[in-house]
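# Observations on the model geometry
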Amino acid sequence: MDSPTEEFVLAGSLAELRAKGRLVVHGGHRPILVVYDRGRVFALDNRCPHMGFPLDRGSVDDGILTCHWHHARFDLESGCTFDLWADDAPICPVEVRNGEIWVKTTFGHADPVGHWRQRLESGLAHDINLVIAKAVLGQLAARVPPADLVRQVALFGAQNRDGWGVGLTILTALANLLPMLPEEEAYLALFHGARRVAADCDGEAPRRERTPLDSQLEPTVLKRWLRRWTSVRHREAAERTLLTAIAAGEKPSMLADALLAAATERAFADDGHTLDFINKAFECLDLIGWEHSAALLPSVVGRMVAARGAEESTSWRQPVDLVALCDETTSQLPELFPAGRRKRGWSSHVALAQDLLGDDPANIIEALKAAILAGAAPSDLGRSLAYGAALRVARFGNANEHADWETAHHVFTYANALEQLIKRIGTDRDSDVTIVRGVLHGAMALYLTRYLNVPPARILGEGGEQLDDLPTDPEAIRAALLDAFDRQRQVDQAARLVARHFQLGHPPARLIVTLGLAVLREDAGFHAYQMLEAGVRQFAVWGDTDEGRHILIAVARYLAAHSPTERATLQTAHIARRLMQGGELHRGPEAS
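These notes cover the structure that comes with them.

Cut-offs used in this document
Residues numbered from 1 in each chain as written. Predicted model: local features only at pLDDT ≥ 70, side-chain atom pairs only at ≥ 80, totals over all residues. Heavy atoms only, no water. Pairing = 2+ DSSP bridges. Helix = DSSP H or I, 4+ residues; strand = E, 2+ residues; numbered from the N terminus. Axes fitted to C-alpha atoms, helices over the stretch in contact; angles between N-to-C directions. Disulfide = S-S within 2.5 Å. Buried < 20%, exposed > 50% of the residue type's maximum accessible area, 1.4 Å probe, protein only. Expected span 1.5 Å × (residues − 1). Parallel < 35°, antiparallel > 145°, perpendicular 65-115°, else oblique. Left-handed = near helix turned anticlockwise from the far one by under 90°. Contact = heavy atoms within 4.5 Å. Nonpolar A, V, L, I, M, F, W, Y, C, P; charged D, E, K, R; others polar.

## Brief notes about the sheet that holds strand β9 (residues 100-104)
Spatially, three strands are ordered β1-β9-β8 in an open sheet, and the strand pairing comes out antiparallel. With partners counted over all chains shown, the strands left at the sheet margins are β1 (8-13) and β8 (94-97), one partner each. When strand polarity is set aside, the average angle formed by the axes of neighbouring strands in this sheet is 30°. One ladder, built from four bridges, connects β8 with β9; its direction is antiparallel. When the bridges of β9 are listed, E95 appears paired with W102.

Okay, structure coming up:
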């Protein structure tokens, strides 16, 4: 295969190709299939883009090449597939010179970033996981920053679904974790986020664009209107009001304040998902750029105005009217804050969290009011609420029904979202009442989950328990933890291994990566992604302390209760990687 150029190789004579119909060119490159059909010569990657099966074992008829493994069909000239699940086959330039066939052996693209961006767009539009996985790998190989990938997927999701959904929430949660994940786990995170957005948009109506009002309004008016339209479930009016605030250049803190005020018009709306979605939309804009706020932020409004509030639930009304209790306390807040602001140095977060876990709603409210009077800021209340909610999960009794995990989980992710929004809003005193109203709703939701800790599961590692039957080496602990996630009913064992890790003073970073891998290798449900990211967020608040340990134990227990799964998506991710690396899957892993 001597070559007059560096890029072309001799495939054989035209006469030989006519006689055989096809030739396979081998060398220091991927195998290339050369086909003679209807008087023309074509060359393309010999590996089927779907699973890598040799295309030379397929058949050619009327310009169509059919792979015999899964019967994917390809246009010989372009390599494009007629079966979108298979992806397109890369083609090679071919020249006939003096009766000889010369093939260019490069499979690259003139614009790799543009090519893989288009492939990702196609994979998202048609909800094809293999195409999405390969496009993510292709962009990463082309040195596309992960934030650019997140931006492309997020904007696709905002445009192709009429409202924020679980896909965009998962994408944002996993994107938040990217800085602490190694390369392989980062790829899996981006793939999972993108595939869940695609699934969320599949078959959905696209978003309808709305425009801001042609007026200049004060932020207080916009906030008041947004609450009004949410209260009466007027979506179009609420969206136009929000778009007006965005067009006026209002700061993210003001937008967060207005949306929090509107969302808390209903108590613990949609089991806390409404507030979590709002928070995730803000976090997504932090990742992809606030110039996209008009495209992304209004997508939360439809869910917000349509949400079912807890005030419509019997459990919030009887035997104790928790909604009335919250409303009465909210009316008292303007008198409590001035006295509390004169105090400094409040730090009783753990004690307040324990009070919030009590079994008397009136006492819980009194504990919150006493904390305010003692100098606790709204951010302190949010922090205590989130820790208390984490303890509900950490002490979740195994005797409960499996579905009850979600009841505890909802309060925790709501509290995490509220705490993140409080940080974003900042120290604006006009927002304190709105914020604490959200805390009151969370505290009552936490109270209603008290039965999940009857009796409470013991947090392993407390009380001097040594756990000496477990490994000491951090990597051995990590391996044992993954092994526990490989088997069902390992909730307590997972908690013991996390406790052991902290007990021996090992750094938490690798443990967090292990928990991330435990989720990313599974066909995880929506709540598992939420739980992981919220737990890591709250661990960052408390750090390597007893409280931080309790939070990661809660995460591990929840994940263990929902593992293992079939891991079909992980197989797709591995297939995509092997194909991108030139592997031939029909020959086994050693062929990669």
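From this point on, the discussion continues.
## Looking at the state of the cysteines
For the structure shown, the criterion picks out zero disulfides. C67 takes part in no disulfide bond, and the closest cysteine sulfur to it belongs to C48, at a distance of 3.9 Å. Classification of C67 as buried rests on a relative accessible area of 1%. Residue C201 stays outside any disulfide, its sulfur separated by 12 Å from that of C284, the closest cysteine.

## Re helix α17 (residues 404-425)
An ideal rise of 1.5 Å per residue puts 32 Å on 22 residues; α17 measures up with 32 Å between its terminal C-alpha atoms. Where burial is concerned, most of α17 is hidden: 20 out of the 22 residues are buried. Directly after α17, the chain includes G426, whose backbone phi takes a positive value near 85°.

## A few points about the packing of helix α19 (residues 474-485) against helix α21 (residues 508-520)
One can describe the packing of α19 onto α21 by two numbers: an axis separation of 10 Å at closest approach and a directional angle of 20°. The angle between the axes of α19 and α21 places the two elements in the roughly parallel class. Crossing angle aside, the handedness with which α19 passes α21 is right-handed. Where α19 approaches α21, its residues E475, R478, L481, L482 and F485 are matched on the opposing element by R510, L511, T514, L515, L517 and A518. Split into classes, the residues belonging to the contact of α19 with α21 amount to seven nonpolar, one polar and three charged.

Don't take any of this as a statement about function, it's just geometry.
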